[in-house]
Amino acid sequence: MPSSTDPAPVRVTTARNAVLLAALADAALILTFAAIGRDAHHRGDVITGVLLTAWPFLAGAAIAWLGLRVWRAPLRVWPAGVAVWLGAVALGMGLRAVTGQTVVLPFVIVALLSLGTFLLGYRLIAAAAGRLKRRRLLR
């Protein structure tokens, strides 16, 4: 029976929170990407339009999460962040193509750059914050 001072339950809860936070952040940032793109092109149907644009990228990210077991270290830039980013773009574009949605080179480039900035950016910030926290604890 674990004692009340056993740190294991805290680590498990922290790890679960990190997985949930990363999954929600990935989804929110992909939705943000879709919303910004739709707004830039002055497209109507705000909610359904954003979901229509975002679903292939969300599906691609989810497949990457499952296929590469990103939940083991969801906030790491490599391999988790890169896998989610490239999965979202590559699989997302593939799904767009097979469902008759537009896939043109400029859009692929914008998606690569934007989703890369979003999905890798917050992981880079989390890594820097973690390093700062460890340095403070070592003092």
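Before reading on, note that the structure itself is shown above.
Residues numbered from 1 in each chain as written. Predicted model: local features only at pLDDT ≥ 70, side-chain atom pairs only at ≥ 80, totals over all residues. Heavy atoms only, no water.

A.B. asks: Would you mind showing me how to read the environment of T53 here?
C.D. replies: Inspection of the secondary structure puts T53 in helix 2 (residues 46-67). Separated by 82 residues in sequence, T53 and R135 place their C-alpha atoms 42 Å apart. Look past the residues within four positions of T53 in its chain and what remains in contact with it is A34, R38 and R96. (Helix = DSSP H or I, 4+ residues; strand = E, 2+ residues; numbered from the N terminus. Contact = heavy atoms within 4.5 Å.)

A.B. asks: What's the story with a positive patch on the surface in this structure? I'm lost.
C.D. replies: A surface patch of positive charge is lined by R131, R134, R135, R136 and R139. For R131, the location among the structural elements is in helix 4 (residues 105-138). (Patch = residues over 30% accessible without salt bridge, like charges linked within 9 Å, V, L, I, M, F, W, Y side chains within 5 Å. Areas by Shrake-Rupley, 256 points an atom, 1.4 Å probe, with all protein chains shown as cover. Salt bridge = Lys/Arg side-chain N within 4 Å of Asp/Glu carboxyl O. Lys, Arg positive; Asp, Glu negative; His and termini not counted. Charge placed at Lys NZ, Arg CZ, Asp CG, Glu CD.)

A.B. asks: What am I meant to see in the packing of helix 3 (residues 77-98) against helix 4 here?
C.D. replies: Two quantities define a packed helix pair, namely the angle between the axes and the distance from one axis to the other. Where helix 3 meets helix 4, the axes come as close as 9 Å, and the angle between the chain directions of the two elements is 155 degrees. As judged from the angle between their axes, helix 3 and helix 4 are roughly antiparallel. The handedness of the crossing between helix 3 and helix 4 comes out as right-handed. Taking contact as the criterion, the partners of V77, A80, G81, V82, V84, W85, L86, A88, V89, M93 and R96 in helix 3 are, on helix 4, F107, V108, A111, L112, L115, G116, L119, L120, R123 and L124. (Axes fitted to C-alpha atoms, helices over the stretch in contact; angles between N-to-C directions. Parallel < 35°, antiparallel > 145°, perpendicular 65-115°, else oblique. Left-handed = near helix turned anticlockwise from the far one by under 90°.)

A.B. asks: Honestly, the packing of aromatic side chains in this entry has me stumped. Any pointers?
C.D. replies: Aromatic ring pairs are reported here in terms of the distance separating the ring centres and the angle at which the planes meet. Under the criterion given, the structure shown has three aromatic pairs. Centre to centre, the rings of F33 and F57 are 5.5 Å apart; their planes meet at 90 degrees, and the pair counts as edge-to-face. Highlighted residues: F33 in helix 1 (residues 8-40) and F57 in helix 2, separated in sequence by 24 residues. With a centroid separation of 6.3 Å and 15 degrees between ring planes, the pair formed by F33 and F107 is classed as stacked. Of the two residues, F33 sits in helix 1 while F107 sits in helix 4, which places them 74 residues apart along the sequence. (Phe/Tyr/Trp six-rings, centres within 6.5 Å; stacked < 30°, edge-to-face > 60°.)

A.B. asks: Sorry if this is basic, but what is going on with the layout of surface pockets here?
C.D. replies: Counted as a void, the largest pocket has a volume near 460 Å³. Around the largest pocket, the lining comprises 19 residues; the ones closest to its centre are G37, H41, R43, T53 and F107. Sorting the residues of the lining of the largest pocket by element identifies helix 1, helix 2 and helix 4 as the ones contributing at least two each. When residues of the lining of the largest pocket are assigned to their parent elements, the largest contribution, six residues, is made by helix 1. The class makeup of the residues in the lining of the largest pocket is ten nonpolar, six polar and three charged. (1 Å grid on protein atoms, 1.4 Å probe; cavity = no way out; pocket = protein on both sides within 12 Å on 5 of 7 lines; lining within 4 Å. Points joined across faces, edges and corners; volume = space filled by probe spheres on them. Nonpolar A, V, L, I, M, F, W, Y, C, P; charged D, E, K, R; others polar.)

A.B. asks: Please clarify how the nonpolar core should be interpreted in this entry.
C.D. replies: Most often, soluble globular proteins keep nonpolar side chains buried together rather than apart. Ranked by internal contacts, the top residues of the largest apolar core, which has 23 residues, are I30, F57, V84, W85, A88, L115 and L119. Elements with a minimum of two residues in this core: helix 1, helix 2, helix 3 and helix 4. Considering every element that reaches this core, the biggest residue donor is helix 3, with seven residues. Ignoring any residue separated from it by four or fewer positions in sequence, one finds L115 in contact with I30, F33, F57, W85, A88, V89, V110 and L120. (Core = buried A, V, L, I, M, F, W, Y, C linked by side-chain atoms within 4.5 Å. Buried < 20%, exposed > 50% of the residue type's maximum accessible area, 1.4 Å probe, protein only.)

A.B. asks: Help me understand the pattern of salt bridges in this model?
C.D. replies: Opposite charge on two side chains lets them pair, provided their charged atoms get close. One pass over the structure, following the stated rule, counts one salt bridge. For the salt bridge of R123 with D26, the shortest nitrogen-to-oxygen distance reads 2.9 Å. Of this pair, R123 sits in helix 4 while D26 sits in helix 1, and the two are 97 residues apart along the sequence.

A.B. asks: What am I meant to see in the packing of helix 2 against helix 3 here?
C.D. replies: At a minimum axis separation of 7 Å, helix 2 and helix 3 run at an interaxial angle of 130 degrees. Between helix 2 and helix 3, the crossing angle belongs to the class labelled oblique. Handedness of the crossing formed by helix 2 with helix 3: right-handed. Along the contact surface, helix 2 presents T53, W55, P56, F57, A59, G60, A61, I63, A64 and W65, while helix 3 presents A83, V84, G87, A88, V89, L91, G92, M93, L95 and R96. Looking at the contact of helix 2 with helix 3, its residues break down into 15 nonpolar, four polar and one charged.

It is worth stressing that arrangement in space is one thing and function is another; only the former is reported here.
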